[in-house]
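# Coordinate inspection notes
Chain by chain, the residues run as shown.
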Amino acid sequence: MHLPDLVQADLPFLRALRQDLHAHPELGFEEERTSGIVASLLEEAGLAIHRGLGGTGVVGTLQCGDGKRAIGLRADMDALAMPETAERPYKSKMPGKMHACGHDGHTTLLLGAARYLARTRNFSGKVHFIFQPAEEGRGGAKKMVEDGLFGLFPCDAVYGLHNMPGLATDEMAVTAGPQLASSDTWTVTFNGIGTHGAKPHLGKDPITASGYFLTSLQTIVGRAVDPLQPAVVSACSIQAGDPRALNVIPDSVEIGGTARAYSDHVRDQLEREIERLARGVAVMFGIDVGYTFRRRIPPVVNHTTATERAAMAAQTVCGAKVVTNFPPSTAGDDFAFFAENAPGAYVWLGNGPAVDGALHHNTAYDFNDEAIETGVAFWVALVEQELRA
Ligand SMILES: [Zn+2]
Ligand SMILES: [Zn+2]
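Conventions and cut-offs
- Residues numbered from 1 in each chain as written.
- Chains lettered and ligands numbered in written order.
- Predicted model: local features only at pLDDT ≥ 70, side-chain atom pairs only at ≥ 80, totals over all residues.
- Heavy atoms only, no water.
- Helix = DSSP H or I, 4+ residues; strand = E, 2+ residues; numbered from the N terminus.
- Rg over C-alpha atoms; globule rule 2.2 N^0.38 Å.
- Buried < 20%, exposed > 50% of the residue type's maximum accessible area, 1.4 Å probe, protein only.
- Donors = N, O, S within 2.8 Å, 3.2 Å for Na, K, Ca; no water.
- Tetrahedral: all angles 85-135°; square planar, octahedral: opposite > 155°, others 65-115°.
- Axes fitted to C-alpha atoms, helices over the stretch in contact; angles between N-to-C directions.
- Parallel < 35°, antiparallel > 145°, perpendicular 65-115°, else oblique.
- Left-handed = near helix turned anticlockwise from the far one by under 90°.
- Contact = heavy atoms within 4.5 Å.
- Nonpolar A, V, L, I, M, F, W, Y, C, P; charged D, E, K, R; others polar.
- Pairing = 2+ DSSP bridges.
- Core = buried A, V, L, I, M, F, W, Y, C linked by side-chain atoms within 4.5 Å.
- Expected span 1.5 Å × (residues − 1).
- Arc of directions from axis to C-beta.

### Looking at the overall build of the chain
For the chain, the count of helices and strands is 11 helices and 16 strands. For the chain, whose C-alpha radius of gyration is 24 Å, the value lies close to the compact-globule estimate of 21 Å for 389 residues. A principal-axis box enclosing the C-alpha atoms of the chain has dimensions of 80 × 45 × 40 Å. Across the 389 residues of the chain, 54% fall into the buried class.

### What about the coordination of the zinc ion (ligand 2)?
For the zinc ion (ligand 2), the protein coordination sphere consists of Cys101 (SG), His103 (NE2) and His162 (NE2), at 2.1 to 2.3 Å. Expressed as a motif, the donor residue spacing for the zinc ion (ligand 2) is C-x1-H-x58-H. A gap of 3.2 Å separates the zinc ion (ligand 2) and the zinc ion (ligand 1), which Cys101 links by coordinating each metal. Here Cys101 matches His103 in class, with each residue buried.

### What to know about the coordination of the zinc ion (ligand 1)
Looking at the zinc ion (ligand 1), one finds its protein donor set to be Cys101 (SG), Glu136 (OE), Glu136 (OE) and His361 (NE2), positioned 2.0 to 2.8 Å from the metal centre. The coordination sphere of the zinc ion (ligand 1) comprises 4 donor atoms, whose angles at the metal cover 52 to 149°; the geometry is irregular. Positions of the donor residues of the zinc ion (ligand 1) along the chain correspond to the pattern C-x34-E-x224-H. On the basis of relative accessibility, which here comes to 39%, the residue His361 falls in the partly exposed class.

### Focus on the packing of helix α3 (residues 103-120) against helix α11 (residues 372-386)
Put simply, α3 and α11 touch, their axes get as near as 8 Å, and they point 50° apart. Taken together, α3 and α11 sit at an angle that is classed as oblique. α3 and α11 meet at a crossing whose hand is right-handed. From α3, Thr108, Leu109, Leu110, Gly112, Ala113, Tyr116, Leu117 and Thr120 reach across to α11, where they touch Ile372, Gly375, Val376, Trp379, Val380, Val383 and Glu384. Partitioning the contact of α3 with α11 into residue classes produces 10 nonpolar, 4 polar and 1 charged.

### What to know about the sheet that holds strand β16 (residues 344-350)
If you walk across this open sheet you meet the 8 strands as β1-β2-β4-β3-β5-β16-β6-β15, and the pairing is mixed. Edge positions in the sheet fall to β1 (48-51) and β15 (322-323), since each of these pairs with one other strand and no more. Pairing of strand β3 (residues 70-76) with strand β5 (residues 157-164), which is carried by 4 bridges, proceeds in the parallel orientation. Opposite Gly72, over in β5, you have Val158 as the bridge partner. Helix α9 (residues 304-318) contacts β5, β6 (172-173), β15 and β16 of the sheet and is inclined by roughly 25° relative to β16. In the packing of α11 onto the sheet, contacts are made with β3, β4 (125-132), β5, β6 and β16, and the angle to β5 comes to roughly 165°.

### Digging into the pairing of β3
Summarising burial for β3: 7 of the 7 residues are buried, a large majority. Judged by which residues are buried, β3 turns out to be covered on both faces: Ala70, Gly72, Arg74 and Asp76 on one side and Ile71, Leu73 and Ala75 on the other are all buried. Relative to β4, β3 is paired through 7 bridges, and the arrangement is parallel. Bridging from a neighbouring strand, Arg74 pairs with Ile130 of β4.

### As for the nonpolar core
Leu73, Phe129, Phe131, Tyr159, Phe378 and Trp379 are the most contacted members of the largest nonpolar core, which has 58 residues in total. Looking at which element gives the most residues to this core, the answer is α11, with 9 residues. Aside from chain neighbours lying at most four places away, what touches Tyr159 is Ile71, Gly72, Leu73, Arg74, Ala306, Arg309, Ala310, Phe335, Ala345, Trp379, Leu382 and Glu386. Val188, Phe213, Tyr291 and Phe293 belong to the second-largest nonpolar core, a separate cluster that totals 25 residues.

### Focus on α9
For α9, built from 15 residues, the straight-helix expectation of 21 Å at 1.5 Å per residue is met to within 8% by its first-to-last C-alpha distance of 20 Å. When α9 is considered as a whole, its buried residues turn out to be Ala306, Thr307, Ala310, Ala311, Ala313, Ala314, Val317 and Cys318. End-on view of α9: buried residues confined to an arc of 165°, all on one side of the axis. In the core, the buried residues of α9 are packed alongside β5, β6, β14 (300-302), β15, β16 and α11.

### Quick look at unusual backbone geometry
Apart from glycine, the bulk of residues carry a negative phi angle, and the bulk of peptide bonds sit in the trans form. The phi angle at Phe29 is positive, at roughly 70°, despite the residue not being glycine. Relative to the assigned elements, Phe29 resides in the loop between α1 (5-23) and α2 (32-45). By relative accessible area, Phe29 is classed as partly exposed at 33%. Unlike most non-glycine residues, Arg121 shows phi in positive territory, near 50°. Relative accessible area serves as the criterion here: at 41%, Arg121 is assigned to the partly exposed category.

### Remarks on the side chain of Glu273
By the secondary structure assignment, Glu273 is in helix α8 (residues 264-285). For Glu273, a relative accessible area of 12% corresponds to the buried category. When sequence neighbours within four positions are dropped, the list of residues in contact with Glu273 reads Ile220 and Ala224.

This is how it looks when you write it as structure tokens:
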């Protein structure tokens, strides 16, 4: 596609903006500088601004013509608490913080689209540009929804976009159905009776019980869940005892991990089955057990018609280079909370080759500025097509 000239003309500005955001990463709910830049650029472009949803969230609204339809476009603004190791002119100036997931790029793309559409106004209806805080596990989308996002800004459809290494920068992936998994956390605490390591018979050993629990944990996915339904259960943390006290059996063992699924049914099943195993092992060893399962993020399941519209916009921009059967990721994205309130589609934008250091959450990661044109043009095409003047 020949990109609109105004998008082309704005590219140097957008590239500089993206690199400035990269150099000044902020963690979830702390995006004061970033949201300030977003709000002032939207305001300068002539959009109506609302600030404060989810703390640092910003919504810019652009209305044209008498179209009744309203759509929401989401960008996330937060960075991660990790150091940036790669040397680049716009390397993070904030120690221990970095844009390792490319949200600096997402913010830039959506601002680019808002700037373009505010000048051309070639659509009829309402667009809500939603800049959310705290996507990286801190609950920004949920907070915006709880603060009344969809009461203030009702949407007939919502769209999210994420960069994806492994696709070229002029490539996109738009796929109906499951794209991201639910992301829940669980903890199991085995409470025994601590004793001398030489006299285990005088106590109740929670460490041996933990071993049985951990070896049986993978039977949930292997034996309990329908083999045609994807699911992940991982133990990611074990805390017990002290390496300086190798003759002491501790009182308790705390185990924690994550559970992922693409349907409510499997999500419920994982919650039940982890608990059943933990309680069963506790009975076997005559010890007590505590269990928590915390529902964090629902799965992102792309709605059929919203996905069709997103795919059409992607085809307008990328031609034949649109992947329509992109495999779901077992990662999560709290865009899911927006998609619970309106039919939603979540799309992937290529970020170039997936080589060492070029994968999400790596200390050398960087959003690829070559993808800015494609990303801005996608948002523009989506709005102009869905809200046709
Ligand atoms: Zn991330
Ligand atoms: Zn991300």
